[in-house]
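Here are the chains, one letter per residue:
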Amino acid sequence: MKRIWILAIALAGFSSCNKFLDTKPSDFYSSTNYYETEAQLQQALNGVYSNLMRSELYGQVMGFNFTTTTDEVMSNRTADGDTRGLRYNYDASQTYVAGIWKSCYVGIRNINSLLENINKPTMDSARRNIIKGQALFLRGYYYFLLTSNYGDVPLVLRTLAINEVNFPAATQKQVYEQVEKDMKEAEVLLKDYTVAKVGYNDVVTLTAVQAVLARVYIYWAGYPQRDVSKYKDVITYCDKVITSGLHALNPDYRRIHKSFPRSV
Amino acid sequence: MASMVARVNYDYQSRYLFSASMRADGSSKFAPGKRWGYFPAASAAWRFSSEPFMKSLRVLSDGKLRVGYGASGNNRVGDFAYLPQLQLTSRNFWYSAGNAPLSIGSYIQSAGNPNLQWETNEQTNIGLDLAFFRTSRLSVTIDAYHRTTRDLLLNAALPYGIGVESGFGLKNIGKLQNRGLEFTVVGVIVEKKNFNWSSNFNISFNRNKILELTEGQTSILSGNGTFFNTTYSSLFPYISVKGRPMGEMYGLQFDGVYQYSDFDLMPNGTYLLKADVATNGAARTAIRPGDIKYKDLNGDLQVNNQDLTIIGSGLPKHTGGFSNNFVYNNFDLNVLFQWSYGNDLINGNRYVFEGGLVNNPNLNQMASYANRWTPTNPSNTMFRAGGMGNAAYSSRVVEDGSYLKLRTVSLGYNVPVAILKRAKIKNIRIHTSAQNLYTWSRYSGTDPEVSGRDGNLTPGFDYAVYPHSLSYVAGINVTL
C-alpha cells in the first residue's frame, strides 16, 4: 500500500512580494535621499568644517599635543600616557597618531560624497561653485595634513564601498599633485568669494586658498620631497595674498590682546 | 519579511521515509536584489527493524537510520543596515560662521553595505535510533552533525582610510564549522509493581573551527570594554584565530613572582633586576622583589604585546545531563545532574579582589590574598601588595571551569485516592523541589556557569556575574 502526501503552499506571486518588501527609511537620511537641496549641500559642508574642530585635529591635538613637542612647553608629567608627545616620543601606540589619520579620512569621505552629489539639486550655479570650491579646498587641506604627517598615504577621491579595504598608498609626490589640483580648482571657483565680500573669517575664501597653497608649496619644496622648483610658486602665491590688499601684518603685538578678544 | 514553503513527504509502509522542502525567505532588511534567500532541506529514514529479515531479531523492537540535510537563514541586522546613514543631530558636526548661531552640519555615520545578504547555516546529520526489548525498555539515540555557517552577519573592522568614524561596518564575513556527536540513552532500570526507576543520560561533544574571516584577516580580538576601571578598557581578553575554535582566551602567561634571587643588591640597598631576567612590562628599574612575573615568550627580555598568547578555551569538551525518575507507591522523585567538562573561565573578580587593579589601590581583598608575597613569605603564586605590574590579562586568573551540578531534586506525594473519596476531592499532590542544590567544581569563584560578556566570541568571562540561585519550592495541588 502506497501512500503519498504532497503538500505545497504557494503564496502570492513573486512580484507582489517584492513590492511588499520595498520599504523606505523614514527616520534618517541616507546618501540616496540627501543632497537634494542647496541647504543640504551647505549642511554637508558644515559637517566637513566642524570635523576640523574635533579634538583629534585642531580641537586639541594639532594645536597642542603636536606643537608643544617643541621648546614651547616643558611638562612635569610622567613620560608615559597621553603626554608622551610632550617628550618627543610619539609612536604608533599613541591614539593621537591614529586619530589624525582617521579624522582626516572621515572628512575626506564626507567631501567625496558631497562632490559626487554636488550637481543633484537645482540651484544657482554661482552658489553651487562656492560650495564646491570650499569642498575641494578642504579635501586638499585634509590631504595636506595627511601627507605632511605620514608621507605616502592612500589617495581616496570617491566614496569607497565597504568591501574595498585594500587600497595602496600613493607616493607623497602624487598626494601633493592632487592637493595642488584641488586647491587650484578651488581658487578658480572661489575667485569672487573674498573675505571682503563674505565679511568674516570663518569660511574658506579666495585668499585663504592662496595662502594655504603657498604653505603647501613650501612644504613640497622642503624635506623630504626637496622639489626646489616649487619655491617660485611659494612667491607667486604669497604675492597674490599680499597684493589682494585684503590682509596686512599686525603692526603692534599688543593689539592682538586688545582687538582679538573684542572680535570674539 | 515574506516566506514561501513547499514540502513533500513520502512514507512507504513506515519503512522508507523521505521528506524534502524548499523555503524562500524575503527580508526588507537587505537591498533589492539581495532580499531573497533559498533554503532547501531533505531527509530520509530507513526503519530497518520493519524489514522482514529483521523480524526474527526479537531483542530489537525499533531501529531507524536517519540522514538529513538542511539549510536555514539568519537576517538579524538592523533595518536599512544596507544604506549609508547620515547623522544630522550631533552638534559636534554643526558649524557657526560669522558669529551666527550654530547651523546644522551632517556627517556620514555608517558606510552601508548594499551587498548584505542572508547568513546561511547548512547542516548535515546522520542518526541512529535503536530501541530494545518488547516494551522498548532501553533506547539509544546517536546523532552526528556537521554544520557550516557561512556569510556570517558581523561587524567587520574597516581600514580608517574608508572614512567611517567607528571603523566598523556590517558585512557577510567568515565561515564557521561546527561538528558534534550526541548520545542519548533512555532506560527503565527497575520496573516492579510498586517501584519504578527510569533514567535518561545524554552527552554531547561539539568542536568548532573558524574556516574564514574577513578579507585578509587572520584573527579577531574581542571582549574589550570597561572592567572595574578604564585601565583595562582597551585590552582584549579573547581572540578568534582562523583555523582554531572561536573565542579563545588571550593574554600573558603568568610565571609566578619575582624573588630576591632574581635581583642584584645595589650598594644603596635597593634591588635591581638581573640583566638576564625578563621584565614584566614595567621599566626594569621600577621592578621590585614580589612583583608579578610573566613568561617572556620571544626571549627579548621584556614582556610586551609580542608575548601575548592563547591562555585558555571557554568552550567545553563535552556537556551532558543525567536524569533519574523514581516512583515508589505514591511517592515520586526526580534527580537531575548536569555537567560541563574541559572549559576554562577567566575569573575577573580576582583581578580586583586578589591583588588589586592598576590605578585602584586600597580595595578590600579576598582572604586568599593574606598569603601574598612578603619579604618573610616568598610566595610564588601571589604578588606583593601593589606589585600587579601593568594592566594585562594573564593566565593567573584562568581557571578550570568544569563542573557537575545537582540541578534539580523534586519530590512529590499523591495522597491515595481512597482517603480522598470521602472528602469528595479528586486529587491532592504535595510536592517540593530544589534547584541548583550543589556544585562540584574546582573553580574558586561563586558559580562556574557564567558568561559575563555577551556573544559567542567571549565565552566564560566572570566578573561580578550574578550566580545561579539556590531555590526551594514547596506546594500543594488540590483538584476538587
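No experiment lies behind these values; they were computed from the predicted model shown. Residue positions are counted from 1 within each chain, in the order its sequence is given. For naming, the first written chain is A and the first written ligand is 1, with later ones following in the order written. Local features are withheld for residues below a pLDDT of 70 in this predicted model, meaning they are given only at 70 or higher, and side-chain atom pairs are given and counted only at 80 or more; totals for whole chains, interfaces and linings count all residues.

With that settled, the discussion passes to the overall build of chain A. A run of DSSP states H or I qualifies as a helix once it reaches four residues; a run of E qualifies as a strand once it reaches two. Both are numbered from the N-terminal end. The secondary structure content of chain A amounts to 10 helices and two strands. The N-to-C order of helical and strand elements in chain A reads β-α-β-α-α-α-α-α-α-α-α-α. The buried share among the 264 residues of chain A stands at 29%. Put plainly, a residue is buried at 20 or more neighbouring C-beta atoms within 10 Å of its own, exposed at 12 or fewer, and partly exposed in between, counting only other residues' C-beta atoms, which are placed from the backbone.

From N to C terminus, chain B includes two helices and 26 strands. Relative to the 2.2 N^0.38 estimate, which gives 23 Å for 480 residues, the radius of gyration of chain B is 30 Å and therefore markedly larger than a compact globule would have. Overall, chain B is about 90 × 65 × 55 Å in size when its C-alpha atoms are taken along their principal axes. Looking at the 480 residues of chain B, the share that counts as buried comes to 26%. Note that contacts rest on C-beta atoms placed from the backbone: two residues are in contact if these are within 7 Å. Pairs at least 24 apart in sequence give 64% of the contacts found in chain B among residues at least 6 apart. The globule rule is 2.2 Å times the number of residues to the power 0.38, and the radius of gyration it is compared with is taken over C-alpha atoms.

For the rest of this paragraph, the subject is the confidence of the model for chain A. Close reading of the predicted structure is inappropriate where its pLDDT is low. Residue-level confidence of the predictor, termed pLDDT, takes values from 0 up to 100. Of the residues in chain A, 82% have a pLDDT of 70 or more, and the chain-wide mean is 86. The model gives residues 1-13 of chain A a pLDDT under 50, and that stretch makes 13 contacts with residues more than four places away or in other chains.

Our focus in this paragraph is the interface of chain B and chain A. The interface of chain B with chain A comprises 46 residues on the first partner and 50 residues on the second. When contributions to the side of chain B that touches chain A are tallied by element, the ones reaching two or more residues are β1 (2-12), β5 (85-87), β6 (107-110) and β9 (168-191) of chain B. Per-element accounting of the side of chain B that touches chain A gives the leading share, 10 residues, to β1 of chain B. Residues are sorted three ways: Asp, Glu, Lys and Arg are charged, Ala, Val, Leu, Ile, Met, Phe, Trp, Tyr, Cys and Pro are nonpolar, and all the rest, Gly among them, are polar. Taken together, the residues of the side of chain B that touches chain A break down into 25 nonpolar, 15 polar and six charged. By this definition, two strands are paired if DSSP reports at least two bridges between them. Relative to β5 of chain B, strand β2 (residues 29-30) of chain A runs antiparallel, the two being bridged by two bridges. Bridging across to β5 of chain B, Tyr29 of chain A finds its partner in Leu86 of chain B.

Pairing between the strands of a sheet comes from backbone hydrogen bonds, and it takes one of two forms, parallel or antiparallel. Residue and element names in this part refer to chain B. Taking strand neighbours across the sheet as the criterion, the four strands line up as β11-β12-β13-β18 in an open arrangement whose pairing is antiparallel. Lying at the two open borders of the sheet, with one neighbouring strand each, are β11 (219-222) and β18 (309-313). Neighbour to neighbour, the strand axes of the sheet diverge by 40° on average, direction disregarded. Relative to β18, strand β13 (residues 248-251) runs antiparallel, the two being bridged by four bridges. Following the sheet pairing, Glu248 is matched in β18 by Ser313. A fitted line through C-alpha atoms serves as each axis, taken over the contacting stretch for helices, and the angle formed by two N-to-C directions is quoted from 0 to 180°.

Moving on, we come to the sheet that holds β5 of chain B. What the three strands build is an open sheet, ordered β2(A)-β5(B)-β6(B); its pairing is antiparallel. Each of the sheet's edge strands pairs with one partner strand only, and the pair in question is β2 of chain A together with β6 of chain B. Of the strand pairs in this sheet, β5 of chain B and β6 of chain B are connected by three bridges, and their pairing is antiparallel. Among the inter-strand pairings, Gln87 of chain B is bridged to a residue of β6 of chain B, identified as Tyr107 of chain B.

The linkage connecting Tyr223 of chain A with the following residue, Pro224 of chain A, adopts the cis geometry, with an omega of -5°. Mapped onto the elements of the fold, Pro224 of chain A is located in the loop between α8 (206-221) and α9 (231-243). Phi is positive for Tyr35 of chain A, which is not a glycine, with a value near 60°. Assignment of secondary structure puts Tyr35 of chain A in the loop between β2 and α2 (38-51). Even without a glycine there, the phi angle at Gln13 of chain B is positive, about 50°.

Let us look at the packing of helix α4 (residues 95-116) of chain A against helix α5 (residues 125-150) of chain A. All names here are of chain A. At a minimum axis distance of 9 Å, the contact between α4 and α5 shows a crossing angle of 155°. One way to sum up the angle between α4 and α5 is to call them roughly antiparallel. Seen from above, α4 lies across α5 with left-handed handedness. Contacts from Ile100, Trp101, Cys104, Gly107, Ile108, Ile111, Leu114 and Leu115 in α4 reach Lys132, Ala135, Leu138, Arg139, Tyr142, Leu145, Leu146, Asn149 and Tyr150 in α5. Taken together, the residues of the contact of α4 with α5 sort by class into 13 nonpolar, two polar and two charged. Should an angle fall under 35 degrees it is taken as roughly parallel, and over 145 as roughly antiparallel, whereas 65 to 115 is taken as roughly perpendicular and any remaining angle as oblique. Should the near helix be turned counterclockwise from the far one by less than a right angle, the crossing is left-handed, whereas a clockwise turn marks it as right-handed.

This part covers the confidence of the model for chain B. With 100% of its residues at a pLDDT of 70 or more, chain B has an overall mean of 91. Model confidence for the complex: the whole-complex pTM is 0.75, and ipTM, which rates the interface, is 0.85.

Residues and elements named next belong to chain A. In a helix, the anticipated span is given by 1.5 Å times the number of residues less one. Given a rise of 1.5 Å per residue, 16 residues ought to cover 22 Å, and the 23 Å separating the end C-alpha atoms of α8 matches this to within 8%. Along α8, the residues that are buried comprise Leu206, Thr207, Ala208, Val209, Gln210, Val212, Leu213, Val216, Tyr217 and Trp220. Taken together, the buried residues of α8 touch α5, α6 (172-189), α7 (195-198) and α9.

Our next topic: the environment of Leu308 of chain B. Summarising the element assignment, Leu308 of chain B is placed in the loop between β17 (292-294) and β18. Spatially, the C-alpha atoms of Leu308 of chain B and Gln217 of chain B are 18 Å apart, while their sequence positions differ by 91 residues.

Before going further, it helps to spend a moment on the pairing of strand β4 (residues 60-74) of chain B. All names here are of chain B. In terms of strand pairing, strand β3 (residues 36-46) meets β4 through six bridges, oriented antiparallel. The partner of Trp46 across the bridge, within β4, is Leu65. Taken together, the 14 bridges between β4 and strand β7 (residues 119-132) define a ladder with antiparallel strand orientation. Residue pairing for β7: Gly73 is matched across the bridge by Thr120.

For the rest of this paragraph, the subject is the nonpolar core. The nonpolar side chains of a soluble globular protein tend to be buried, and buried together. Ranked by size, the top nonpolar core spans 50 residues in total, and within it Phe137, Leu138, Tyr142, Met183, Val209 and Val216 of chain A carry the most contacts. Listed by contribution, the elements that provide at least two residues to this core are α2, α4, α5, α6 and α8 of chain A together with β6 of chain B. It is α5 of chain A that contributes the most residues to this core, 11 residues altogether. The contact partners of Val209 of chain A, leaving out residues within four places of it in the chain, are Phe137, Met183, Ala186, Glu187, Leu190 and Val204 of chain A. When buried Ala, Val, Leu, Ile, Met, Phe, Trp, Tyr and Cys residues are joined through C-beta atoms within 7 Å, the set is termed a nonpolar core. Ranked by size, the runner-up nonpolar core spans 19 residues in total, among them Tyr250, Leu252, Val303 and Ala392 of chain B.

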